[in-house]
Structure formats: structure tokens, C-alpha cells
Amino acid sequence: MPLDTQNAAAPEGAAHSPAGVRREPRETALRGMRGMIATRMRESLQASAQLTHHAGAELGALQALRRHCRAVGLPAPSVQDLLLRLVVQTLAEFPALNATLEDNRITEHLGVHLGLAVPLPDDLLVAPALFDAQAIALGALPEARRELVAQARAGRLGVRELTGATFTVSNLGRSRVHHFTPILNLPQVAILGIGGTQWRAVPDDEGGAGLSEVIGLSLTFDHRAVNGAPAAAFLDRLGERIETLEPDAFDHELRQ
């Protein structure tokens, strides 16, 4: 029995489909960059012991900071850039996650070379490194991020940029996906997935409840290098940073 029953039942002479409707299966060979990505993803799952922790964090403090910035005439950073800056700061407290594992040797890196997952045309994906992200102030981060993304999409990045990250962030924040399981970009030992937001009822200080915007956070880590407790502690600390951020916390970085 034909799989495409509509096509099989079409009368003779009706071979042409309506504009924009594809009637024939499309085949894509796993070669070139697509083949390389497929191979690396398979090898990542086969060669490491991957586990994912899921958590959430309220965004009220981040939104309050953005309102403060607008009120005092400072550029209001995006939620994405605020999260990236807080991730980098948190990694300074958890060097075991800013690490690589090669030849049965774990290397904790001094600099945070932050990989940013960048979608490319034809459903391709790269994660180039924003080198020494710990030294990039929040005010300079948006331009640095946009430049890296632009170079990636223009195909102007070299092997060093494409393979030099020590920790990666994958952002699906514009989607309905709240949590997901990102795959490690070996030899890195951890990757953080930032999901979309949901409105939830949360307890308030007066014993009642109110609505709060909560973002999903998913940390995949290599259990060969990092155990579950420190991975959970990283998410706890990151969530605490997000939820307790003072409105003027980055004024000095935004004035530079």
C-alpha cells in the first residue's frame, strides 16, 4: 500500500501539486557539514556518560534590572545577555564544569571560552567560542555575541573558534520548549540549555501566591568528570544569582 495515500489517489493528469506543497519525499545525504555534525553527535552519546538536570528560575529580578537601566538612561541588556553573564560568573565558582575531558585527563580551564550554539541555514548547527568571556563586561557582551554569530553564519570562523569552547550554552528561549536535553560538545564536560518561559504560581512573602515568569534551565554533564551533586549545586547557584540580582548590579559594566 502506498504511504502517500493522497498522492496515490490523485487522478491521472493531476501530478502537479499546489504551490508550496511538496508531493515527493526529500532525501538529504549525511555528508559535508551535515555528516560531520551527525558523526559528532553520535560519538558524543557513545563516548561519554551524559546526564541532564532540569531546573527553573524566576525572571522578576532580571526584568527589574532592565527597567532600572531604562529609568537611569543605561542600555537595557537583553535577558539572553544577562543570563550569559550570570552563567560565566557562576562558572568561576564551579571550575569543574568549565572543563574538558580528553585521553582520560580532565582539564579545568582558567578562561571561560563560552560556546554559543548558532543555527545555520539548512538546519545546521555550530557552537563557536566567545574566548575569555569572563573578561567581557555586560555592556560589551551584546556586540561580541552578535559579531560571533554573524561570522558563524557567514562561514568566516576557523577551526580554533569552532572547537575552542570550554562550556556551551544552547538557547531555545523563543520557543515553547521549557526543558530539553542538549548533547555535549565533546571534549567539553557540560552544556547548559536555556528554554522558554512559563508563568507559574509561586509563594509570596505574605503567605499567598502570585504569578511569576520562570525560565527553564537544563544542564547536561559528563558523569565521568562531574557527579550529580556539584552539577545540581551549579544550577542552584545560577538560579540564586538570577533570582536575587540587584537592579544596579551591572551599572558599572554598562557605563563602560
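What counts, and where the lines are drawn
Residues numbered from 1 in each chain as written. Predicted model: local features only at pLDDT ≥ 70, side-chain atom pairs only at ≥ 80, totals over all residues. Heavy atoms only, no water. 1 Å grid on protein atoms, 1.4 Å probe; cavity = no way out; pocket = protein on both sides within 12 Å on 5 of 7 lines; lining within 4 Å. Points joined across faces, edges and corners; volume = space filled by probe spheres on them. Helix = DSSP H or I, 4+ residues; strand = E, 2+ residues; numbered from the N terminus. Nonpolar A, V, L, I, M, F, W, Y, C, P; charged D, E, K, R; others polar. Buried < 20%, exposed > 50% of the residue type's maximum accessible area, 1.4 Å probe, protein only. Expected span 1.5 Å × (residues − 1). Polar contact = N/O pair within 3.5 Å; in protein donor to acceptor, adjacent residues only side chain to side chain. Contact = heavy atoms within 4.5 Å. Core = buried A, V, L, I, M, F, W, Y, C linked by side-chain atoms within 4.5 Å. Axes fitted to C-alpha atoms, helices over the stretch in contact; angles between N-to-C directions. Parallel < 35°, antiparallel > 145°, perpendicular 65-115°, else oblique. Left-handed = near helix turned anticlockwise from the far one by under 90°.

1. Some details on the layout of surface pockets
Link 1 in the chain: If you add up the space inside the largest pocket, you get close to 560 Å³.
Link 2 in the chain: Forming the walls of the largest pocket are 20 residues, and the residues nearest its centre are Met-41, Leu-125, Val-126, Ala-127 and Asn-185.
Link 3 in the chain: Contributing elements (two or more residues each) for the lining of the largest pocket: α2 (32-47), β6 (124-126), α6 (159-163) and β8 (167-171).
Link 4 in the chain: Among the elements that make up the lining of the largest pocket, the one with the highest residue count is α2 (five residues).
Link 5 in the chain: Taken together, the residues of the lining of the largest pocket break down into 15 nonpolar, four polar and one charged.
Link 6 in the chain: When its volume is computed, the second largest pocket comes out at roughly 400 Å³.
Link 7 in the chain: Lining the second largest pocket are 16 residues, and of these Val-79, Gln-80, Asn-171, Gly-173 and Arg-174 lie nearest its centre.
Link 8 in the chain: For the lining of the second largest pocket, the secondary structure elements donating two or more residues are α4 (79-91), β9 (190-203) and β10 (209-222).
Link 9 in the chain: Partitioning the lining of the second largest pocket into residue classes produces six nonpolar, eight polar and two charged.

2. Brief notes about unusual backbone geometry
Link 1 in the chain: Looking along the chain, the bond that leaves Leu-186 and enters Pro-187 is cis, with omega of 10°.
Link 2 in the chain: Tracing the backbone shows Pro-187 in the loop between β8 and β9.
Link 3 in the chain: One non-glycine residue, Asp-122, lies in positive phi territory at about 65°.
Link 4 in the chain: Within the element layout of this structure, Asp-122 appears in the loop between β5 (118-120) and β6.
Link 5 in the chain: According to the relative accessible area criterion, Asp-122 is exposed, its value standing at 69%.
Link 6 in the chain: Despite not being glycine, Asp-123 shows a phi value in the positive range, around 60°.

3. Regarding the environment of Arg-66
Link 1 in the chain: Mapped onto the elements, Arg-66 comes out in helix α3 (residues 60-71).
Link 2 in the chain: C-alpha of Arg-66 to C-alpha of Asp-248: the two residues are 182 residues apart in sequence and 9.4 Å apart in space.

4. Focus on the side chain of Arg-85
Link 1 in the chain: The topology assignment puts Arg-85 in helix α4.
Link 2 in the chain: By relative accessible area, Arg-85 is classed as buried at 9%.

5. A few points about empty space enclosed by the protein
Link 1 in the chain: All told, the structure shown has one cavity of 30 Å³ or more when counted by the stated rule.
Link 2 in the chain: Around the largest cavity sit Leu-84, Arg-85, Val-88, Leu-114, Leu-130, Ala-133, Ile-136 and Leu-141, which together line it.
Link 3 in the chain: Broken down by element, the residue count for the lining of the largest cavity peaks at three residues, all from α4.
Link 4 in the chain: Class assignment of the residues belonging to the lining of the largest cavity gives a composition of seven nonpolar, no polar and one charged.

6. Some remarks on α4
At 3.6 residues per turn, the α-helix brings residues three or four places apart onto the same side.
Link 1 in the chain: Compared with an ideal rise of 1.5 Å per residue, which puts 13 residues at 18 Å, α4 spans 18 Å between its outermost C-alpha atoms and is within 8% of the ideal.
Link 2 in the chain: Listing the buried residues of α4 in full gives Val-79, Asp-81, Leu-82, Leu-83, Leu-84, Arg-85, Leu-86, Val-87, Val-88, Thr-90 and Leu-91.

7. Details of the side chain of His-53
Link 1 in the chain: Position of His-53 relative to the elements: it lies in strand β1 (residues 50-58).
Link 2 in the chain: Reaching out from His-53, the side chain makes a polar contact with the backbone oxygen of Gly-228 at a distance of 3.1 Å.
Link 3 in the chain: Ignoring sequence-local partners within four residues, the contact set of His-53 consists of Leu-217, Ser-218, Leu-219, Phe-221, Gly-228, Ala-231, Ala-232 and Leu-235.

8. Some remarks on the nonpolar core
Link 1 in the chain: Leu-114, Phe-167, Leu-192 and Leu-219 are the most contacted members of the largest nonpolar core, which has 55 residues in total.
Link 2 in the chain: Of all the elements, α4 adds the most residues to this core, at eight residues.
Link 3 in the chain: Ignoring anything within four residues of it in the chain, the contact list for Leu-219 reads Leu-51, Thr-52, His-53, Leu-97, Phe-167, Ala-190, Ile-191, Leu-192, Ala-231, Phe-234 and Leu-235.

9. Describing the packing of α4 against helix α7 (residues 228-244)
Link 1 in the chain: Packing of α4 against α7 brings their axes to within 10 Å, and their N-to-C directions diverge by 135°. If you check the angle between α4 and α7, you find them oblique. The handedness of the crossing between α4 and α7 comes out as right-handed. Residue-level inspection shows Leu-83, Leu-86, Val-87, Gln-89, Thr-90 and Leu-91 of α4 in contact with α7, the latter providing Phe-234, Arg-237, Leu-238, Arg-241 and Ile-242.
Link 2 in the chain: Of the residues belonging to the contact of α4 with α7, the class tally is seven nonpolar, two polar and two charged.

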